[in-house]
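# Per-entry structural report
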Amino acid sequence: RVKLYKLGQLSFNASLQIQQRLLQQVKSGTCPGALMLVEHTPPVLTIGRRDTHDDILASKEELSAHQMDVIRVGRGGGITWHGPGQLVAYPILDLNMTKTKKNLRWYVSSLEETVCTSLQKFGLEGHTHTTQQHTIAEHALTGVWVGRNKIAALGIQVSRWVTWHGLCVNVRPDLSFYSQIIPCGISPDRGLGVTSIEKETGSPVDVWRDYAPTFIDSFARVFETQLQEDSIDTKE
């Protein structure tokens, strides 16, 4: 059984502190595992441990005008944007306790499958670099795609086989923010882009009312677990 924390809108730094608390609890065995769901506000750019600032196209003045911080984190993956209209999921799971044990390939594949399954309710067919047959597969780009456009990004970190960080799904964000960066190395000359559920369906989709319940159900089925909703102090 995994604890479910639906945190609503919350700053990146506040959610990072909660992640770190839950990480220690899972490591110590006082928490069986957790799934944090959050919508980051204000918007923020995060950079993976091996990425550089070269993929930031916006000037410092432009970032400041949007009150957008740039934060380096320990996860894998490239630079990405988090903000309103995007659901961010942070699974904090002990892979020693899963049926496959210490298998990162299985874990990443399961996260991608969770997103792909959740998209089906909205009539969308999600692909990964292992299922897509052309450009995406050629570049071995992780995440979930609808056609040639990325709809979900992954960036995980593992400490003593306990996972943290996770993934983000574009539900209804302002996609113009992505013009300020080269997200996850997706340069325009590859013919690839970024999209959202709302853009693909052409219909309004609410992060918490419409999409989050579907994601939760998909996560429980893919990871073969029960989710028990709980509360946690979110004060910074």
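Structure shown above.
The paragraphs below set out a description of the structure included in this document. These numbers were taken from a predicted model, which means no experiment stands behind them.

Each helix and strand in the chain was counted, giving six helices and eleven strands. When the 236 residues of the chain are sorted by exposure, 55% land in the buried category. With the model as given, the accessible surface of the chain reaches about 10900 Å², and the carbon-plus-sulfur share is 46%.

A separate point is the packing of helix H3 (residues 104-120) against helix H6 (residues 207-222). Interhelical geometry of H3 versus H6 gives an angle of 135° and a closest axis separation of 8 Å. On the basis of their axis angle, the class for H3 and H6 is oblique. The interaxial crossing formed by H3 with H6 has right-handed handedness. Taking contact as the criterion, the partners of Ser 110, Glu 113, Thr 114, Val 115, Thr 117 and Ser 118 in H3 are, on H6, Tyr 211, Thr 214, Phe 215, Ser 218, Phe 219, Arg 221 and Val 222. Partitioned by chemical class, the residues of the contact of H3 with H6 number five nonpolar, six polar and two charged.

Moving on, we come to unusual backbone geometry. Here the bond from Thr 41 into Pro 42 is cis, since omega is 0°, no more than 30 degrees from zero. One non-glycine residue, Trp 161, adopts positive backbone phi at about 65°. As for its position among the elements, Trp 161 is in the loop between strand E8 (149-159) and strand E9 (162-170). Positioned with a positive phi, Glu 224 is a non-glycine residue whose angle comes to about 50°. The exposure class assigned to Glu 224 is exposed, which follows from its relative accessible area of 59%.

In a regular helix each residue adds 1.5 Å, so 17 residues correspond to 24 Å; helix H1 (residues 12-28) covers 24 Å between its end C-alpha atoms and thus fits that length. When we look at burial in H1, the residues that qualify are Phe 12, Ala 14, Ser 15, Leu 16, Ile 18, Gln 19, Leu 22, Leu 23 and Val 26. Where H1 terminates, the next one or two residues include Gly 29, which has phi positive at roughly 90°.

Parameters at a glance
Residues numbered from 1 in each chain as written. Predicted model: local features only at pLDDT ≥ 70, side-chain atom pairs only at ≥ 80, totals over all residues. Heavy atoms only, no water. Helix = DSSP H or I, 4+ residues; strand = E, 2+ residues; numbered from the N terminus. Buried < 20%, exposed > 50% of the residue type's maximum accessible area, 1.4 Å probe, protein only. Areas by Shrake-Rupley, 256 points an atom, 1.4 Å probe, with all protein chains shown as cover. Axes fitted to C-alpha atoms, helices over the stretch in contact; angles between N-to-C directions. Parallel < 35°, antiparallel > 145°, perpendicular 65-115°, else oblique. Left-handed = near helix turned anticlockwise from the far one by under 90°. Contact = heavy atoms within 4.5 Å. Nonpolar A, V, L, I, M, F, W, Y, C, P; charged D, E, K, R; others polar. Expected span 1.5 Å × (residues − 1).

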